[in-house]
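One letter stands for each residue in the lines below.
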Amino acid sequence: MLEIYYGEGKGKERVCIGAAITAALRDKNVLLVNFQQKVDNYDKLFAIAPHLTRLTLEPNTGVREYFDHAVRMALSFQYSVLILHGVFDSVDSGKLSAAEVYEFLSNAPDSIEIICTGTSVQEKFLPLANEIVEMKQG
């Protein structure tokens, strides 16, 4: 299952955090991958969710290598939920190949629930999604 949350409106990070905590508290293994440099500190909240692993893009880290590492982790360690927060922003900025992301999303195992976010999303990703939510300002 693939869920896409995109748009100029706020709330995408909250959706990711909420989905991650909820799934982890239901004993699902969750991998939360953040492609944005600025990350709010939710350490106390994450302390209650033992099945949650977080990856954060460090300065001077190659985004493509980071994405590849996250995909390998998601597939190798039997994660039930994979959250790629800001992945579409990395595609839009040219730091990550749309073809590589599309290849992964279109071939990902059905056993993994995937949530992707970004300010915008290329049209070719939309047919892959089971749920699409546009977050608008207002």
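Structure first, text after, so check above.
About the criteria used
- Residues numbered from 1 in each chain as written.
- Predicted model: local features only at pLDDT ≥ 70, side-chain atom pairs only at ≥ 80, totals over all residues.
- Heavy atoms only, no water.
- Helix = DSSP H or I, 4+ residues; strand = E, 2+ residues; numbered from the N terminus.
- Buried < 20%, exposed > 50% of the residue type's maximum accessible area, 1.4 Å probe, protein only.
- Contact = heavy atoms within 4.5 Å.
- Salt bridge = Lys/Arg side-chain N within 4 Å of Asp/Glu carboxyl O.
- Phe/Tyr/Trp six-rings, centres within 6.5 Å; stacked < 30°, edge-to-face > 60°.
- Expected span 1.5 Å × (residues − 1).

1. Describing unusual backbone geometry
Working step 1: Non-glycine residue Asp27 carries a positive phi angle of around 65 degrees.
Working step 2: Position of Asp27 among the secondary structure elements: in the loop between helix H1 (12–25) and strand S2 (30–34).
Working step 3: Overall, the relative accessible area of 58% leaves Asp27 in the exposed class.
Working step 4: Positioned with a positive phi, Gln78 is a non-glycine residue whose angle comes to about 60 degrees.
Working step 5: Looking at the secondary structure, you find Gln78 in the loop between helix H3 (63–76) and strand S4 (81–85).

2. A short note on the environment of Met135
Working step 1: Note on placement: Met135 falls in the segment after strand S6 (131–134).
Working step 2: Judged by its relative accessible area of 15%, Met135 falls in the buried class.
Working step 3: In the structure, Met135 is positioned 130 residues away from Tyr5 in sequence and 6.8 Å away in space, judged by C-alpha atoms.
Working step 4: Once residues lying within four places of it in the same chain are set aside, the contact partners of Met135 are Tyr5, Tyr6, Gly7, Glu8, Gly9, Lys10, Gly11, Lys12 and Val15.

3. Considerations on the pattern of salt bridges
Working step 1: Counted according to the given criterion, the structure contains one salt bridge.
Working step 2: A salt bridge links Glu100 to Arg64; the shortest N-O distance between them is 3.1 Å. With a gap of 36 residues between them, Glu100 in helix H5 (residues 98–107) and Arg64 in helix H3 connect regions that are remote in the sequence.
Working step 3: Look at Glu100 and you get buried, because its relative accessible area is 16%.
Working step 4: The class for Arg64 is partly exposed, based on a relative accessible area of 47%.

4. Digging into the packing of aromatic side chains
Working step 1: The full count for this structure, using the stated rule, is five aromatic pairs.
Working step 2: Relative to Tyr66, the ring of Phe35 has its centre 5.2 Å away and its plane inclined at 80 degrees; by these criteria the two rings are edge-to-face. Taken together, the positions of Phe35 in the loop between S2 and helix H2 (43–46) and Tyr66 in helix H3 put the pair 31 residues apart, joining distant regions of the chain. For the pair Phe35 and Tyr66, a shared accessibility class is recorded, and that class is buried.
Working step 3: Pairing Tyr102 with Phe125 gives two aromatic rings, centres 6.0 Å apart and planes at 55 degrees, and the pair type is tilted. Within this pair, whereas Tyr102 is found in helix H5, its partner Phe125 is found in the loop between strand S5 (113–118) and S6, the two being separated by 23 residues in sequence.
Working step 4: Ring pairing ties together the aromatic residues Phe35, Tyr66, Phe67 and Phe104, which thus form one cluster.

5. Looking at H3
Working step 1: The end-to-end C-alpha distance of H3 is 20 Å, a good match for the 20 Å that 14 residues give at a rise of 1.5 Å each.
Working step 2: Where H3 is concerned, the buried positions are Val63, Tyr66, Phe67, Asp68, Ala70, Val71, Met73 and Ala74.
Working step 3: Looking at the buried positions of H3, the neighbouring elements they touch are S2, strand S3 (52–56), S4, helix H4 (87–92) and H5.
Working step 4: Directly after H3, the chain includes Gln78, whose backbone phi takes a positive value near 60 degrees.

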